[in-house]
Amino acid sequence: MSHEPVLPETRFLADRMLGTLTRYLRFMGYDTVSANGWSPGDSREDTRLLDLACRENRILLTRDHELSRRGKKQAVLVEAEDVIAQVGQLIEIGLIVRRLSMSRCSLCNTELCRATDEEIASATYAPNVKAGYVFFWCSRCGRLYWNGTHQRSPRERIETVP
């Protein structure tokens, strides 16, 4: 019996212009770091982005033509302004697959784990009726996620990608 090698999943680093794409990639389960988490005004930010992409073996996603040229094969110029077209571009060039895994926190990129009853109870925004839902917890930022109607919009939008 032969086994196919398991390839590591593509990891991303997004520049400041791609905040919404960052959230969608996280919804889709992709490890995506964003420059939006860095202090603004750093004149060396582009160099820091390129260094981090190389050091952590991440694909740098950018809307900046010059930065994408400097990044060579480590960078991808994201051409569209609309997030669904951006997702479509990444699918088309084979960097991602169409899915919605909700396995990462959309705010901080931490992998989610099954929520305990205490964690669910601590979230005042959790639905009152909990039957039929699966709850996940971000241990870093304390955010609760569940398989509710709030997933419908990203799922429906991702499914419409040409």
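Small disclaimer: the values here were computed from a predicted structure and weren't measured.

What counts and what doesn't
Residues numbered from 1 in each chain as written. Predicted model: local features only at pLDDT ≥ 70, side-chain atom pairs only at ≥ 80, totals over all residues. Heavy atoms only, no water. Pairing = 2+ DSSP bridges. Helix = DSSP H or I, 4+ residues; strand = E, 2+ residues; numbered from the N terminus. Axes fitted to C-alpha atoms, helices over the stretch in contact; angles between N-to-C directions. Salt bridge = Lys/Arg side-chain N within 4 Å of Asp/Glu carboxyl O. Buried < 20%, exposed > 50% of the residue type's maximum accessible area, 1.4 Å probe, protein only. Contact = heavy atoms within 4.5 Å. Polar contact = N/O pair within 3.5 Å; in protein donor to acceptor, adjacent residues only side chain to side chain. pLDDT = per-residue confidence, 0-100.

## Section: the sheet that holds strand β1 (residues 12-14)
So, point 1. Here four strands make up an open sheet; going across it, the order is β2-β1-β3-β4 and the pairing parallel. The sheet is open, and its two borders are formed by β2 (32-34) and β4 (75-77), each paired with just one other strand. Each neighbouring strand pair of the sheet contributes to a mean axis angle of 25 degrees, computed without reference to strand direction.
So, point 2. Note: β1 against β2, three bridges, orientation parallel.

## A closer look at the pattern of salt bridges
So, point 1. Enumeration according to the criterion identifies ten salt bridges in this entry.
So, point 2. Aspartate 31 serves as the salt-bridge partner of arginine 58, at 3.0 Å between the closest nitrogen and oxygen. With arginine 58 in the loop between α2 (45-55) and β3 (59-62) and aspartate 31 in the loop between α1 (19-27) and β2, this residue pair connects regions lying 27 residues apart in the sequence.
So, point 3. For arginine 58, a relative accessible area of 4% translates into the label buried.
So, point 4. On the basis of relative accessibility, which here comes to 14%, the residue aspartate 31 falls in the buried class.
So, point 5. Note that arginine 104 is salt-bridged to glutamate 111, the shortest N-O span being 4.0 Å.
So, point 6. Note on glutamate 111: relative accessible area 57%, which makes it exposed.
So, point 7. Salt bridges linked by common partners bring Arg11, Asp31, Glu56, Arg58, Arg104 and Glu111 together as one network.

## Structural notes on the environment of isoleucine 96
So, point 1. Tracing the sequence through the fold places isoleucine 96 in the loop between α4 (83-92) and β5 (113-114).
So, point 2. Separated by 71 residues in the primary sequence, isoleucine 96 and leucine 25 place their C-alpha atoms 8.7 Å from one another.
So, point 3. Contacts of isoleucine 96, omitting those with residues within four sequence positions, involve Phe12, Leu25, Met28, Tyr30, Val87, Leu90 and Ile91.

## Notes on α1
So, point 1. Every buried residue belonging to α1 is among Leu21, Thr22, Tyr24, Leu25, Arg26 and Phe27, and all of these are buried.
So, point 2. Directly after α1, the chain includes glycine 29, whose backbone phi takes a positive value near 95 degrees.

## Points about unusual backbone geometry
With glycine set apart, most residues show a phi of negative sign, and most peptide bonds adopt trans.
So, point 1. In this structure, asparagine 57 is a non-glycine residue whose phi angle is positive, near 50 degrees.
So, point 2. Structurally, the position occupied by asparagine 57 is in the loop between α2 and β3.

## Points about the side chain of aspartate 31
So, point 1. In terms of polar contacts, aspartate 31 uses its side chain to reach the side chain of arginine 58, at 3.0 Å.
So, point 2. Aspartate 31 has contacts with Arg11, Phe12, Arg58, Arg104 and Asn109, leaving out every residue within four places of it along the chain.

## Observations concerning the sheet that holds strand β6 (residues 135-137)
So, point 1. Reading across from one edge, β5-β6-β7 is the order of the three strands in this open sheet, with antiparallel pairing throughout. Only two strands of the sheet have a single partner each, and these edge strands are β5 and β7 (144-146).
So, point 2. Pairing of β6 with β7, which is carried by three bridges, proceeds in the antiparallel orientation. When the bridges of β7 are listed, phenylalanine 136 appears paired with tyrosine 145.

## Some thoughts on the confidence of the model for the protein
So, point 1. In the predicted model, the protein carries a mean pLDDT of 88, and the fraction of residues at 70 or more is 86%.
So, point 2. Confidence over residues 1-7 falls short of pLDDT 50; this stretch has zero contacts with residues more than four positions distant or in other chains.

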